[in-house]
Amino acid sequence: MSGCEPGESVGAFLCQAGQVLRAAAVEAPRLEARLLLAHAMGCRQEDLLRDPRAPVGPEAQQRFRAALSARARHVPMAHLIGSAGFWTLDLLSDPSTLIPRADTETLVELALDTFPDRSSVTRLLDLGTGTGALLLACLAEFPGAFGVGVDRNPRAAALARANAARNGLADRAALLAGDWADALSGRFDLILSNPPYIESSSIPGLMPEVALHEPALALDGGADGLDAYRALASALPRLLAAGGKAVLELGQGQQAPVEAIMRGAGLRPLGCREDLGGVPRALLL
Ligand code: GLN
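Residues numbered from 1 in each chain as written. Predicted model: local features only at pLDDT ≥ 70, side-chain atom pairs only at ≥ 80, totals over all residues.

It is not clear to me how the overall build of the protein should be interpreted in this structure. Could you clarify?
Helix and strand content of the protein: twelve helices and nine strands. Computed over C-alpha atoms, the radius of gyration of the protein comes to 21 Å, within 12% of the 19 Å expected from 2.2 N^0.38 for 285 residues, which places it in the range of a compact globule. Overall size of the protein, expressed as C-alpha extent along the three principal axes, is 65 × 40 × 30 Å. When the 285 residues of the protein are sorted by exposure, 39% land in the buried category. In the protein, once contacts between residues fewer than 6 apart in sequence are set aside, the share between residues at least 24 apart is 65%. (Helix = DSSP H or I, 4+ residues; strand = E, 2+ residues; numbered from the N terminus. Rg over C-alpha atoms; globule rule 2.2 N^0.38 Å. Buried ≥ 20, exposed ≤ 12 C-beta atoms within 10 Å, placed from the backbone. Contact = placed C-beta atoms within 7 Å.)

Would you take a moment to explain the domain arrangement of the protein for this structure?
Accessible area lost on assembly of the parts is the figure often given for the size of an interface. According to the domain assignment, the protein consists of domain 1 (10-73) and domain 2 (84-284). Here the C-alpha centroids of domain 1 and domain 2 sit 34 Å apart. (Domains from an automatic or database assignment.)

Teacher, can you tell me more about the packing of helix α1 (residues 10-23) against helix α4 (residues 58-72) here?
In a packed pair of helices, the relevant descriptors are the angle between the two axes and the axis-to-axis distance. Running from amino to carboxyl end, α1 crosses α4 at an angle of 20°, the nearest separation of the two axes being 10 Å. For the element pair α1 / α4, the angle class is roughly parallel. Once α1 is placed against α4, the crossing between them reads as right-handed. Residue-level contacts link Phe13, Ala17, Val20 and Leu21 of α1 to Phe64, Leu68, Arg71 and Ala72 of α4. A class-by-class count of the residues in the contact of α1 with α4 yields seven nonpolar, no polar and one charged. (Axes fitted to C-alpha atoms, helices over the stretch in contact; angles between N-to-C directions. Parallel < 35°, antiparallel > 145°, perpendicular 65-115°, else oblique. Left-handed = near helix turned anticlockwise from the far one by under 90°. Nonpolar A, V, L, I, M, F, W, Y, C, P; charged D, E, K, R; others polar.)

Would you explain α1 in this entry?
It helps to recall that an α-helix has 3.6 residues per turn; residues three or four apart then point in one direction. Taking 1.5 Å per residue, 14 residues should reach 20 Å; α1 reaches 20 Å between its end C-alpha atoms and fits that length. Along α1, the residues classified as buried are Val10, Phe13, Leu14, Ala17, Gly18 and Leu21. The arc enclosing the buried residues of α1, seen along the axis, measures out at 135°, which places them on a common side. As for α1, its buried residues are in contact with α2 (29-41), α3 (45-50) and α4. In the segment just after α1, Ala25 is the residue with positive phi, at about 60°. (Expected span 1.5 Å × (residues − 1). Arc of directions from axis to C-beta.)

Given below as C-alpha cells:
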C-alpha cells in the first residue's frame with residue numbers, strides 16, 4: 001500500500017492496517033490497528049511501538065488479517081479483542097449484550113457521591129446487568145455490599161458471572177437470568193440500571209457498530225424509547241429499601257419524560273449528573 005514499507009514487520013503491518021481502517025472510516029484507525037495487532041500477537045501495544053521492526057509470525061498474521069477485515073466491516077473492537085475497560089475493571093464482552101461505555105461510568109460517580117459513607121450500602125441491585133459492568137464497578141467501590149444482577153438474556157447473565165469471577169467479586173455477586181424484577185423480592189439500598197432506551201425507529205440510524213452488532217434487547221426502548229422506564233417505575237417502589245436510592249441511565253433528551261414517569265409512580269427525582277459530553281446521563285431517585 002502507498003507509503004508503507006513492504007515486508008512482514010510490525011511497522012509494515014501497522015501502516016497497512018491503519019490505511020485499511022481509515023478507508024473504512026472507523027473511529028481511531030491507528031490506535032485500533034495497534035490494539036488488534038497486539039491482540040493477534042499476544043503482546044501489549046507498547047511492545048509494538050518499542051520494536052516496529054519485529055517480525056509478525058504466520059499465525060499472528062492470520063489472526064490479524066481476520067480481525068482487520070472484521071473491523072473494516074465495523075464489528076466493534078470489544079468483540080474482536082473480547083474485553084472492554086469499565087471503571088476500574090476489565091470486563092469480558094461478547095455479542096450477547098451491550099459493550100460497556102464510558103458514559104455509563106457517570107452512574108458509578110453519582111452512586112459514589114450519593115453514598116459518601118461506603119459502608120452504608122449493603123444491598124445492591126442491577127436491572128439489565130449485561131456484562132455486569134454497573135453492578136461489579138459498584139461492588140468494587142462498596143466493599144461491604146452484596147449485589148444481585150438480573151438480565152433477560154441467560155448468556156449475558158453467564159457473561160456477568162464470568163466477569164464477577166475475573167474481578168474477584170464472585171463471592172459478593174449473584175447473577176440471575178430473568179425478566180427485569182419479576183422474580184425478585186427483598187429490598188435494596190442502591191438500584192442501578194442502564195435500560196434499553198433508544199426509540200425503535202432510530203436504531204437503524206445508529207453507527208453500524210451499534211446497529212448491526214449490539215443486541216436490540218439492550219438498546220430498543222420501544223416506540224418512544226421509554227418502555228423500560230415505565231417497567232422500572234412499576235418495580236422500583238417495592239424494591240427500594242427505606243432511604244434507598246435508584247440511579248438510572250438516560251438517553252439524550254429523556255430527563256424530563258423519565259422524571260415525569262417516575263413521579264407518577266411516587267418516586268422523587270433527586271438530581272441528574274451529566275456525562276463528559278454534557279448530556280444529562282444519570283438520574284437519581
Ligand atoms: N448508549 C447506548 C447507545 O446510544 C444505548 C444504550 C442503551 O440503550 N441503554 O449506543
